[in-house]
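Topology and contacts: notes
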Amino acid sequence: MNIVYSSSDSYAPVMGVSLFSLLKNNADSDELNIYIIDNSISEENKQKVISMCRDFNREVTFIPIADIEKLVGTDIDVGRWNISTFGRLFYGSLLPQSVEKVIHVDCDTMVMSSLEPLWNTDIEGKAVAGALECIGDSYKTEIGMDKDDIYINAGNIMLNLKYIREQKLEEKFKSFIASHSRLSFMDQPVLNACTSNGEKLVVDLRYNLYSLVYYLKYKNVLKAKRVSHYYTDKEVALAKRNPCIVHFTTCFMDGTRPWIEGNEHPLIGQYLDYRAQSPWADEPLWKDDRGKVKRFGGAMFNKLPQGFVAASIGTVHDVVVPLKNKISGR
């Protein structure tokens, strides 16, 4: 298997814990090649990663991230995100030509079982395989997609680099980024808008269990995101009972994440256990730097009826954000 992470130095400890969980739960894999797209990771953190991989008899290769803005030919408004998230769109150029398929794993994850079933999934003629994103139709139409189009979460995906190179998809990615002054969710709309339904393969949610499905009841997940094409209630429940990659995405029901003080994710105990076994065990948890307004809002979300909160958030996602984007000319 070829596994790729993309990280800055500030997120290297978070990435390191995820990588530890991956190495531990994939120790039986015959071949496991680790690549890290390096956005100025410190030598200290690199050495920790190298040592950890060697403990599992694995090698790791650090690859300097490309100058994304230079590559695309325009300035990119990243907002609260890090520009390194765009790196996965250009793995076909960044990684050796001999690497024809990779699984990209986001830094903010915990790998709880073998990735072999995903790796062995047939993606012939596909550009990408990933789990459906829980997202409203307005986010699709905003970028020129149809409401019924497949829209995947780009956090944890398998990429067919051979196909991407043959179809010159990176050129499409560059053009799309250059023609959009700012993008909701950074690289994710680029990947989705530039690939057809036939070039995407939808996989089980267990390979990308984002936080929302842990905090909200199924009916409220649909209500909060105004999503019309999604997994069934049974499929979500089965994925939660048998998780492979848990994705600690931001969620309005919990303003922190497991490496931040005060987090209450249902699986935080497992995450902290992996963290305690990793080379970053002695590093303190991050401080919760949210302002008073955000803290108060988070507390209220958990006190108010969940259905009411979900409906309110749904209005924001389906009406307020699209209107804001239209006014700003995005």
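Residues numbered from 1 in each chain as written. Predicted model: local features only at pLDDT ≥ 70, side-chain atom pairs only at ≥ 80, totals over all residues. Heavy atoms only, no water.

**Topic: the overall build of the chain**
What the chain contains, in helices and strands, is 15 helices and 10 strands. A burial count over the chain gives 54% of its 330 residues as buried. Looking at the chain alone, contacts between residues at least 24 apart form 79% of all its contacts between residues at least 6 apart. Carbon and sulfur atoms make up 51% of the accessible area of the chain, which amounts to about 15,000 Å² in all. (Helix = DSSP H or I, 4+ residues; strand = E, 2+ residues; numbered from the N terminus. Buried < 20%, exposed > 50% of the residue type's maximum accessible area, 1.4 Å probe, protein only. Contact = heavy atoms within 4.5 Å. Areas by Shrake-Rupley, 256 points an atom, 1.4 Å probe, with all protein chains shown as cover.)

**Digging into the pairing of strand S1 (residues 2-8)**
The two faces of the sheet receive side chains in turn, since in a regular strand these alternate between them. A large share of S1 lies buried, amounting to 7 of its 7 residues. Both faces of S1 are covered, namely the face carrying Asn2, Val4, Ser6 and Ser8 and the face carrying Ile3, Tyr5 and Ser7. Pairing of S1 with strand S2 (residues 33-39), which is carried by 7 bridges, proceeds in the parallel orientation. By the bridge assignment, serine 8 is partnered in S2 with asparagine 39. Since S1 and S2 lie parallel, the crossover through helix H1 (residues 12-25) that links them has a hand, and here it is right-handed. Pairing of S1 with strand S4 (residues 101-104) involves 2 bridges; the strand directions are parallel. Within S4, the residue paired with valine 4 across the bridge is histidine 104. (Pairing = 2+ DSSP bridges. Right-handed = clockwise from strand over helix to strand, strands pointing away.)

**Section: the sheet that holds strand S10 (residues 245-247)**
Spatial strand order, S5-S10-S9: 3 strands in an open sheet with mixed pairing. Two strands close off the open sheet at either side, each with one partner strand: strand S5 (109-111) and strand S9 (209-210). Where S9 and S10 come together, 2 bridges link them in parallel fashion. Each residue of the ladder has a partner; that of tyrosine 210, found in S10, is histidine 247.

**What about helix H11 (residues 218-225)?**
Every buried residue belonging to H11 is among Asn220, Val221, Ala224 and Lys225, and all of these are buried. Buried residues of H11 fall within an arc of 120° about the axis and therefore sit on the same side. At the C-terminal side of H11, arginine 226 shows a positive phi close to 50°. (Arc of directions from axis to C-beta.)

**Some points on the sheet that holds strand S7 (residues 152-160)**
Strand order in the open sheet made by the 7 strands is S3-S2-S1-S4-S7-S6-S8, with mixed pairing throughout. For this open sheet the edge positions go to strand S3 (60-64) and strand S8 (200-202), each flanked by a neighbour on one side alone. Taken pair by pair, the neighbouring strands of this sheet meet at an average axis angle of 30°, ignoring direction. Docked against the sheet, H1 engages S1 and S2, running at close to 160° with respect to S1. Relative to the sheet, helix H2 (residues 43-55) contacts S2 and S3, its axis offset from that of S3 by approximately 150°. (Axes fitted to C-alpha atoms, helices over the stretch in contact; angles between N-to-C directions.)

**Here's the deal with the environment of tyrosine 5**
Of note, tyrosine 5 is situated in strand S1. When its relative accessible area of 0% is taken as the criterion, tyrosine 5 is described as buried. Linking tyrosine 5 and arginine 88, residues 83 residues apart in sequence, is a C-alpha distance of 8.6 Å. Separated by 2.9 Å, the side chains of tyrosine 5 and serine 18 make a polar contact. (Polar contact = N/O pair within 3.5 Å; in protein donor to acceptor, adjacent residues only side chain to side chain.)

**Focus: the nonpolar core**
Counting 66 residues, the largest nonpolar core has Ile3, Leu19, Ile36, Leu205 and Tyr230 as its most contacted members. Of all the elements, H1 adds the most residues to this core, at 8 residues. If near-sequence neighbours (up to four positions away) are discounted, tyrosine 230 is found in contact with Leu132, Glu133, Cys134, Leu205, Tyr210, Val213, Tyr218, Val221, Leu222 and Val236. (Core = buried A, V, L, I, M, F, W, Y, C linked by side-chain atoms within 4.5 Å.)

**Focus: the packing of aromatic side chains**
In this structure the tally under the stated criterion is 8 aromatic pairs. Relative to tryptophan 286, the ring of tyrosine 11 has its centre 5.7 Å away and its plane inclined at 75°; by these criteria the two rings are edge-to-face. Of the two residues, tyrosine 11 sits in the loop between S1 and H1 while tryptophan 286 sits in the loop between helix H13 (268-277) and helix H14 (292-303), which places them 275 residues apart along the sequence. Among the residues examined, tryptophan 286 registers a relative accessible area of 30% and is labelled partly exposed. An aromatic cluster is defined as three or more aromatic residues linked by ring pairs; in this entry it consists of Tyr11, Phe248, Trp259, Tyr271 and Trp286. (Phe/Tyr/Trp six-rings, centres within 6.5 Å; stacked < 30°, edge-to-face > 60°.)

**As for the packing of H1 against H13**
At their nearest, the axes of H1 and H13 sit 9 Å apart, and the two run at 95° to each other. Between H1 and H13, the angle is such that the two are roughly perpendicular. Contacts between H1 and H13 involve Val14, Val17, Phe20, Ser21, Lys24 and Asn25 on the former and, on the latter, Tyr271, Tyr274, Arg275 and Gln277. Here the residues of the contact of H1 with H13 sort into 5 nonpolar, 3 polar and 2 charged. (Parallel < 35°, antiparallel > 145°, perpendicular 65-115°, else oblique. Nonpolar A, V, L, I, M, F, W, Y, C, P; charged D, E, K, R; others polar.)

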